[in-house]
Structures are given as structure tokens and as C-alpha cells.
Amino acid sequence: MVLSSDQVAAFERDGFVVVPEAVHPARCTELAARADEIVAAFDPSVVSIFSTDEQTRTSDDHFLASGDQVTCFFEEGAFDADGHLTVPKERAINKLGHAMHDLDPTFAAFSRQPALASVADDLGLGHHVLLQSMYIFKQPHIGGEVSCHQDATFLYTEPISVVGFWVAIEDATVDNGCLWVQPGGHRGPLRTRFHRAESGGTAFDVLDPSPLPEPGSDALVPVEATAGTLVVLHGLLPHWSDVNRSPQSRHAYTVHVIDPVAAYPADNWLHRSPALPLRSFHAA
Ligand code: FE2
């Protein structure tokens, strides 16, 4: 057991658990360096946006194709009207997604390191499979807000099974846009479901009209985390992160896992090639 019985109980009671020093800082530094290499090698012209009307379709297509790729997503407003980046791409990058955990050897090794697999085992998630990975940059001064949401909105199974493994690659504080969570909020219903629309693009369905907590409400508490801290988040737990207004970046890496026995609807946004089957933390 990596987790204490109190930590396992906290996950069940609160919908999240914080595991300080779960990952060695050297592994965080190594992952950050690999992320920088991927950004340096990425040609931003492949996602350039050439007109306002094209913008939604282009970003939808780029997003919807990313489930079994390693690709870059930029901050809103990073491109001018002619499709050129307005700042250097290493400063404009929002995140990498969504299959580094299977396609990139450095990310694959990080994602399946024994520490994460052991925590998964302790939480009864040892048989879950890794569906999605994201490397989030949260740039100094411009890193955008992630509005309050439940991960099961985006990674939906029947029954709901998604769990997020979030690792601070750099220190996360209230000042640079750390996570905020609603303790116990995972016992509430799933509010919305995001899916591929029949007409193309994507849509949200409202499943339950009760509101999620507003940023700034007392229901949400900050989760400050030093580099190497793991936070495990139940898929129904409401959480958000603020704009990064500080001069410090706030890199984080997330892997989301699902129960392979749960039904995975065909209109989920994230599609994987059959050539790239989902694998657990324990896969070689
Ligand atoms: Fe999330």
C-alpha cells in the first residue's frame, strides 16, 4: 500500500485525495524537458486559423482527431487574422494531448511508473485503462481559466467510471492557478455530457440542471501542490482552475482512466484507432 487507509477513505468521502511527493522531482523535470521538445518540433501552421468562420470547424477537427495523437493546442488569441502566431510558440502553447501516454516513450514511462500504478491499485483502479493524457502549461500571465466542470462530462462511460490522475510538474499555488475542488461534490449528479454532434462538430447535453459551484464560492477549496504531488480526482468531482496572472508557469500532467468493462458510447468525442488499444497502468 502506498496510500494509508485514511487517504483511501478521504478519496471516497471527498472525491479527491492529495499524495505529496508521489513522483520524484527529477521525473517531473525530465517530463517538462520532453514536453518542450515536442513543442519545439511542432509545426503550428497545421492548426493555423484563416478566417473567423473557419475557426470553430478547424479547431473542432484538430481536437476531434487528437484522441490517438500527440498534438499541440494553443492559447486562445495566439494567432492573428492571417493565421500567424502572435507570440513565440513556446509561450503560446496551452497543452499537449491526448495520447502521449501510449505514443511517446518518456510520457509512457512517466504514466506507468510504479508510484501511479500502486495508488491506482490502492484505490481499486488497478484494472482501469488509460484513456487520455494532457500536459498543461498554464503560461505565466496568459494561462487561461479552466471553468468549473466534471471530467465525466468529457470522458463519459456507462456507468460513469473516469478518474483523473493529476501530477504537479511545477509548484501549483493560488497565485499561479492551482486546482480548486468541491469536497464531496462527487456525490452530486453529472450535469452535462459533451459529445460529437450528428451534424458535425460537438455539442453539450444537459443531464441535470443543478448548477456547479461558481468560482469564488465557499464550496470550492484550493489544492496547492508542490512539484511531484499527485492529486486523484473522482470523475464527478466539480473542479476548476483560475487564470495564471503570476510570472510563474504552472505545468501539470494528467492521465484519465476508465473502467474497460463500462460501455463507451460511439459518439464520445475521443476516438482511438483499433491499432492503439487502451492499456492499464500495469501494461508493459
Ligand atoms: Fe478536469
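Below you will find a few notes about this structure. (Residues numbered from 1 in each chain as written. Predicted model: local features only at pLDDT ≥ 70, side-chain atom pairs only at ≥ 80, totals over all residues. Heavy atoms only, no water.)

**Examining the sheet that holds strand β10 (residues 221-223)**
Spatially, four strands are ordered β5-β12-β7-β10 in an open sheet, and the strand pairing comes out antiparallel. Of all strands in the sheet, those bounded by a partner on one side alone are β5 (146-149) and β10. Each adjacent strand pair in this sheet contributes to an overall mean axis angle of 25°, direction not counted. Bridge count between β5 and strand β12 (residues 239-241): two bridges; the pairing is antiparallel. Within the sheet, the bridge partner assigned to His-149 lies in β12 and is His-239. (Pairing = 2+ DSSP bridges. Helix = DSSP H or I, 4+ residues; strand = E, 2+ residues; numbered from the N terminus. Axes fitted to C-alpha atoms, helices over the stretch in contact; angles between N-to-C directions.)

**Describing helix α7 (residues 114-122)**
Buried within α7 we find Leu-116, Ala-117, Val-119, Ala-120 and Asp-122. On its buried face, α7 is in contact with α1 (5-14), α6 (105-111), β6 (163-168) and β11 (230-234). (Buried < 20%, exposed > 50% of the residue type's maximum accessible area, 1.4 Å probe, protein only. Contact = heavy atoms within 4.5 Å.)

**Quick word on the nonpolar core**
With 44 residues, the main nonpolar core has Leu-96, Tyr-135 and Phe-165 as its most contacted residues. No other element matches helix α2 (residues 25-41), which puts six residues into this core. Counting residues in each nonpolar core, the second largest holds 15 residues, with Leu-64, Tyr-156, Val-162 and Leu-270 among its members. (Core = buried A, V, L, I, M, F, W, Y, C linked by side-chain atoms within 4.5 Å.)

**Quick word on the packing of aromatic side chains**
Aromatic rings considered in pairs are described by the distance between their centres and by the relative angle of their planes. Counting across every chain of the model gives 13 aromatic pairs. The interplanar angle of 65° and the centroid separation of 5.0 Å between the aromatic rings of Tyr-135 and Phe-137 together place this pair among those described as edge-to-face. Consider the rings of Phe-194 and Phe-204, whose centres lie 5.0 Å apart with planes at 55°: the pair is tilted. Placement of the pair is Phe-194 in strand β8 (residues 192-196) and Phe-204 in strand β9 (residues 202-206), with a sequence separation of ten residues. Exposure remark for Phe-194: the relative accessible area of 8% places this residue in the buried category. Every member of this aromatic cluster is reached through a ring pair, and the members are Phe-63, Phe-73, Phe-154, Phe-194, Phe-204 and Trp-269. A cation sits over an aromatic face here: Lys-95 above Phe-73, 5.5 Å from the ring centre. (Phe/Tyr/Trp six-rings, centres within 6.5 Å; stacked < 30°, edge-to-face > 60°. Lys NZ or Arg CZ within 6 Å of the ring centre and 35° of its normal.)

**Overview of the coordination of the iron ion**
Tetrahedral metal sites with four donors have an ideal angle of 109.5 degrees; octahedral sites with six donors have ideal angles of 90 or 180 degrees. Taken together, His-149 (NE2), Asp-151 (OD) and His-239 (NE2) make up the protein donors of the iron ion, found 2.2 Å from the metal. Mapped onto the sequence, the residues coordinating the iron ion show the spacing H-x1-D-x87-H. Within this pair, whereas His-149 is found in strand β5, its partner His-239 is found in strand β12, the two being separated by 90 residues in sequence. Of the two residues examined, His-149 and His-239, each falls in the buried class. (Donors = N, O, S within 2.8 Å, 3.2 Å for Na, K, Ca; no water.)

**Brief notes about the pattern of salt bridges**
Counted according to the given criterion, the structure contains eight salt bridges. The salt bridge involving Arg-112 is made with Asp-102; its shortest N-O contact spans 3.0 Å. Taken as a pair, Arg-112 in the loop between α6 and α7 and Asp-102 in helix α5 (residues 100-103) lie far apart in primary sequence, ten residues in all. Residue Arg-112 is classed as buried on the basis of its relative accessible area, which comes to 12%. Looking at Asp-102, the relative accessible area reads 14%, which means it is buried. Of the charged contacts, one joins Asp-102 and Arg-279 as a salt bridge, the two residues approaching to 2.9 Å between their closest N and O atoms. With Asp-102 in helix α5 and Arg-279 in strand β14 (residues 279-280), this residue pair connects regions lying 177 residues apart in the sequence. (Salt bridge = Lys/Arg side-chain N within 4 Å of Asp/Glu carboxyl O.)

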